[in-house]
Amino acid sequence: MINRKRSQRRLLLKAGVASIFAPRIVFANTPTNPEVVIIGAGIAGLEAAKTLHAEGISFVVLEASNRIGGRVHTDNDIFGVPFDMHAHWVNYPTANPLIKYGKDNGFDIYRDPRVSKSFVGSREATEEESRDQDKTYKLFNRKIKASAYSVRGDDDNARTALGEDFFKLPWGYTVAANQGVWSMAQNSKDYSPTDWWNSEGGGQHFCREGYGALVAHYGQDVPVSLGTWVTEVDWSGEGVKVITSAGTIKAKAAILTVSVGVLANNRIKFTPELPVEKQEAIDGIDMAVMNYIGLQFTDDVFGYGADVYVDQQQHDENGVGYMANMSGTNLVYSYVGGDQAKALENESMDVSIAYSLDGMKSMLGNDIEKKFVKGYATTTGKISFWDGAYSTARPGKQPMRAVLRQTLAEKLFFSGEACSPSRWASVDGGLNAGKNSATDASRYIKSLG
Ligand SMILES: Cc1cc2nc3c(=O)[nH]c(=O)nc-3n(C[C@H](O)[C@H](O)[C@H](O)COP(=O)(O)OP(=O)(O)OC[C@H]3O[C@@H](n4cnc5c(N)ncnc54)[C@H](O)[C@@H]3O)c2cc1C
């Protein structure tokens, strides 16, 4: 989740209804000798395919997993209601075409009501305490902004930028958790304030049927070769050769939309090896870990109504953030990020569920367990198709994003959320990056005559 300011964060679709109204894009059959190979069928790959189709450029999309959507996926089976296992907050309404697409296609997209509640131990924060918390958010913003615009330009880590006195404030850790581990998916010591400050977003919406359901609908007509692992990209000589679990494809260009985590872990071999500066960029833009823990109850245990953010005063960065009663389904959506997320995903799922449930009990009392139905925890750092949740620049490495998105030899296009110029770590950023890369690829193919 990406939530950059306090109070400004993140049913089953009748599929038949939505698809009746869907504009159908009619793609030609998948070509065997495409002009462009698109690697990955997350939102960036899907948007790249749509863009190339509109440009009249032939392509194939290769996807290692057995579904489209990548890091945005809605599950309806675990809880019997839509559960966005990963991306959930529909960001940036002024420039996110998925909002209009969803509304036009029968999805219930509504504004985040932006209500939040805080606890101090087992009681709600007083008005005075809430005002104090608001001041701490403002202080956080001032300090991060000052660091981002530092004339020294040395881009300290966020912990240094905030200063140790910040963490001694009553709400210091709570604000750092909301803005850091539950947003950047990194502890304060591990992310660049410049990266935090420069990412665009805001004005979030929710999709009642799930953000993943919306993206799956958006990409439903794109032909994708599922279950096809790319193991090597040979960009020596003319064009590119893409070696996959199902054989080799030759093309004039390739668009890579895999996560920066997949690149960092060398899951794809490049021949020749990537240049040193590209490798430095891959290492400088870290794949942060964020996990969601869904907790289903028999009713709205917090009693606040739908989609209300709840946090408890924190004393370190290891806590859990909550969104109560997601879309009115009695599902509490909780999130852990950074070091704590990495530690929990090394344990069993039951440990993560108990950890989150204990946090709720410490606010609401042990009796809520009687209303607990079941839980589910994700482990994004363990998914080899991604190797984490989303990109964040390491301290001092923010400029590496520009290097990461540079095209190699005019024909190897780097795309996906980490390559978005200003909306990294988001679905709309991935879409935007996919469109940009495909536009560039189309221009290149057309220049070949
Ligand atoms: C826990 C979590 C919470 C998030 N919260 C939000 C949110 O609330 N709002 C928001 O806007 N964004 C959020 N995001 C970020 C958002 O989901 C991503 O930025 C976006 O979905 C990335 O899209 P992409 O196409 O760039 O990459 P991906 O979705 O990762 O697509 C790349 C695809 O490449 C495939 N692939 C990988 N390796 C290979 C290979 N070797 N061969 C072939 N295919 C391969 C993968 O399977 C994947 O499908 C969240 C992400 C996570 C994980």
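A.B. asks: What is the right way to look at the overall build of the chain in this model?
C.D. replies: Scanning the chain from terminus to terminus reveals 14 helices and 21 strands. Relative to the globule expectation of 22 Å for 449 residues, the C-alpha radius of gyration of the chain, 22 Å, shows essentially globular dimensions. If one aligns the C-alpha atoms of the chain with their principal axes, the spans along those axes are about 70 × 55 × 40 Å. In the chain, which comprises 449 residues, the proportion classed as buried is 58%.

A.B. asks: Can you help me understand the confidence of the model for the chain in this one?
C.D. replies: Detailed reading of predicted coordinates is not advised where the pLDDT is low. On average, residues of the chain score 92 in pLDDT, and 92% of them are at 70 or above. The model gives residues 4-26 a pLDDT under 50, and that stretch makes 73 contacts with residues more than four places away or in other chains.

A.B. asks: Sorry, what's going on with the sheet that holds strand β15 (residues 290-297) here?
C.D. replies: In a beta sheet, neighbouring strands are held together by backbone hydrogen bonds and run either parallel or antiparallel to one another. On the basis of which strands lie adjacent, the open sheet formed by 7 strands has the order β7-β6-β16-β17-β18-β15-β19 and mixed pairing. Two strands bound the open sheet, and with one partner strand each, they are β7 (123-124) and β19 (372-377). Note: strand β6 (residues 115-120) against β7, 2 bridges, orientation antiparallel. Opposite Phe 119, over in β7, you have Glu 124 as the bridge partner. Contacting β6, β15, β16 (308-312), β17 (321-324), β18 (331-337) and β19, helix α12 (residues 349-364) crosses the sheet at an angle of about 65° to β15.

A.B. asks: Hey, could you run me through the sheet that holds strand β21 (residues 412-414) in this one?
C.D. replies: Spatially, the 4 strands line up as an open sheet ordered β2-β1-β12-β21, and their pairing is parallel. Edge strands, defined here as strands with exactly one partner in the open sheet, are β2 (59-62) and β21. With strand direction ignored, the average angle separating the axes of adjacent strands in the sheet is 15°. The pairing of strand β1 (residues 36-39) with β2 spans 4 bridges and is parallel. If you follow Ile 39 over to β2, its bridge partner there is Leu 62.

A.B. asks: Mind showing me how you'd approach unusual backbone geometry here?
C.D. replies: Only a minority of non-glycine residues have a phi that is not negative, and only a minority of peptide bonds are not trans. Here the bond from Thr 271 into Pro 272 is cis, since omega is -5°, no more than 30 degrees from zero. Turning to its location among the elements, Pro 272 is positioned in the loop between β13 (269-271) and α10 (276-284). Even without a glycine there, the phi angle at Asp 307 is positive, about 60°. Position of Asp 307 relative to the elements: it lies in the loop between β15 and β16. Asp 307 sits in the buried class, given a relative accessible area of 2%. The backbone phi angle of Asp 387 is positive, close to 60°, even though this residue is not glycine. You can see Asp 387 is positioned in the loop between β19 and β20 (390-393). Residue Asp 387 is classed as buried on the basis of its relative accessible area of 11%.

Cut-off values and rules
- Once a new chain begins, its residue numbering starts again from 1 and follows that chain's sequence as written.
- Given that the model is predicted, a residue must reach a pLDDT of at least 70 before its local features are reported, and side-chain atom pairs must reach 80 or more before they are shown or counted; all residues, however, enter totals for whole chains, interfaces and linings.
- Excluding hydrogens and water, the side-chain figures rest on all heavy atoms present in the structure.
- The numbering of helices and of strands both runs from the N terminus, where a helix is a DSSP run of H or I of at least 4 residues and a strand a run of E of at least 2.
- Computation of the radius of gyration draws on C-alpha atoms, with the globule rule given as 2.2 Å multiplied by the number of residues to the power 0.38.
- When a residue's accessible area, from a 1.4 Å probe over protein chains only, is under 20% of the maximum for its type it is buried; when over 50% it is exposed; and in between it is partly exposed.
- One confidence number per residue, pLDDT, is output by the predictor and ranges from 0 to 100.
- By the convention used here, residues are in contact when the closest approach between their heavy atoms is within 4.5 Å.
- Pairs of strands are assigned from DSSP output, requiring at least two bridges between the strands.
- Think of each axis as a best-fit line through the C-alpha atoms, taken over the contacting stretch in the case of a helix, with angles from 0 to 180 degrees between the N-to-C directions.

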